[in-house]
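Single-letter residue listing:
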Amino acid sequence: MIKGLTGIGHAAIRVKDIDVSLDFYCNKLGFKEMLRLHRDNGDLWLVYLRVNDLQYLEVFPYAVGDAAPPREAIGLNHICITVDNVDEVVRQLAEQNIPLIQPLVGGADGNRQAWIADPDGNRYELMQMNPDCMQYEAIKRLAQANAA
């Protein structure tokens, strides 16, 4: 077992049109641009967006193809963004004309969730963690097992 792994620091996505994507992520969702990295020739390499102080989204330009792979494809399926109040977030999404790709539902894990996609089809689950959800129950069981 490897020790010292502390969390997921960032997810990276590739997008076709960086300006359209930054409009979506920054102007509509409210993420803040932190920094840009450029290649030696001056071409944009990636843009770092702040989700919170410990989690980031790297946005790489120059994607090939027309859209993200379908959810059944091998590889990254979606990114989950936790929210305080999913009803309020869904209301704000509607104000920004961001459609849900799956409606607001109660998930099998006991949480409430809604789904959106960015302009390239990258999928995002918006999840409100309920106090009695399966994840929190599993964390309690793991803590009890570690304490024993």
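A. Main features of the overall build of the protein. The helix and strand inventory of the protein stands at three helices and eight strands. Mapped in sequence order, the helices and strands of the protein form the string β-α-β-β-β-β-α-β-β-β-α. C-alpha extents for the protein along the principal axes are approximately 55 × 40 × 30 Å. The buried share of the protein, taken over its 148 residues, is 30%. A separation of at least 24 residues holds for 49% of the contacts in the protein among residues at least 6 apart in sequence. For the protein, the accessible area works out to roughly 9,900 Å², and carbon and sulfur atoms hold 55% of it. Across the protein, the mean location of the 14 positive side-chain charges is 4 Å away from that of the 20 negative side-chain charges.

B. Up close: unusual backbone geometry. Positive phi, normally seen in glycine, also occurs at Tyr62, with a value near 70 degrees. Relative to the assigned elements, Tyr62 resides in the loop between strand 4 (55-60) and strand 5 (79-82). Backbone geometry at Asn97 places phi at a positive 60 degrees, although glycine is not the residue there. Here Asn97 shows up in the loop between helix 2 (86-95) and strand 6 (102-106).

C. Examining helix 2 more closely. Of the positions making up helix 2, those classed as buried are Val86, Val90 and Leu93. For helix 2, the arc enclosing every buried residue in end-on projection is 60 degrees, short of the 170-degree limit, so these residues lie on one face. Here the buried face of helix 2 lies against strand 6, strand 7 (112-117) and strand 8 (123-128). Sitting at the head of helix 2, Asn85 places a side-chain oxygen 3.1 Å from the backbone nitrogen of Asp87.

D. Representation of helix 3 (residues 134-147) within the structure. Across its 14 residues, helix 3 extends 20 Å between first and last C-alpha, which sits within 8% of the 20 Å expected from 1.5 Å per residue. Within helix 3, only zero of the 14 residues are buried, leaving the element largely exposed.

Reading guide: rules and limits
In this convention, every chain numbers its residues from 1, walking through the sequence in written order. For a predicted model such as this one, the threshold for reporting local features is a pLDDT of at least 70, and the threshold for listing and counting side-chain atom pairs is 80 or more; totals across whole chains, interfaces and linings nevertheless cover every residue. Side-chain metrics in this entry use all non-hydrogen atoms of the structure; hydrogen atoms and water are not considered. In DSSP terms, a helix is any run of H or I states spanning at least four residues, a strand is any run of E spanning at least two, and both are numbered starting from the N terminus. Per-residue accessibility, obtained with a 1.4 Å probe over protein chains only, is compared with the maximum for each type, and a residue is labelled buried under 20%, exposed over 50%, and partly exposed between these values. When checking whether two residues touch, look at their non-hydrogen atoms; a contact exists if any pair is within 4.5 Å. The Shrake-Rupley method, run with a 1.4 Å probe, gives the accessible areas here. Residue values count only the displayed protein chains as cover. Charge assignment: positive for Lys and Arg, negative for Asp and Glu; neither His nor the chain ends contribute. All charge positions are set by atom: Lys at NZ, Arg at CZ, Asp at CG, Glu at CD. The arc in question is the one traced by the directions running from the helix axis out to the C-beta atoms. Polar contact criterion, stated in full: a pair of N or O atoms within 3.5 Å, where within protein one must be able to donate a hydrogen and the other to accept it, and residues adjacent in sequence count only if both atoms are side-chain atoms. In this analysis, the expected span of each helix is defined as 1.5 Å times one less than the number of residues it contains.

Spatial relationships are all this shows, so hold off on functional conclusions.
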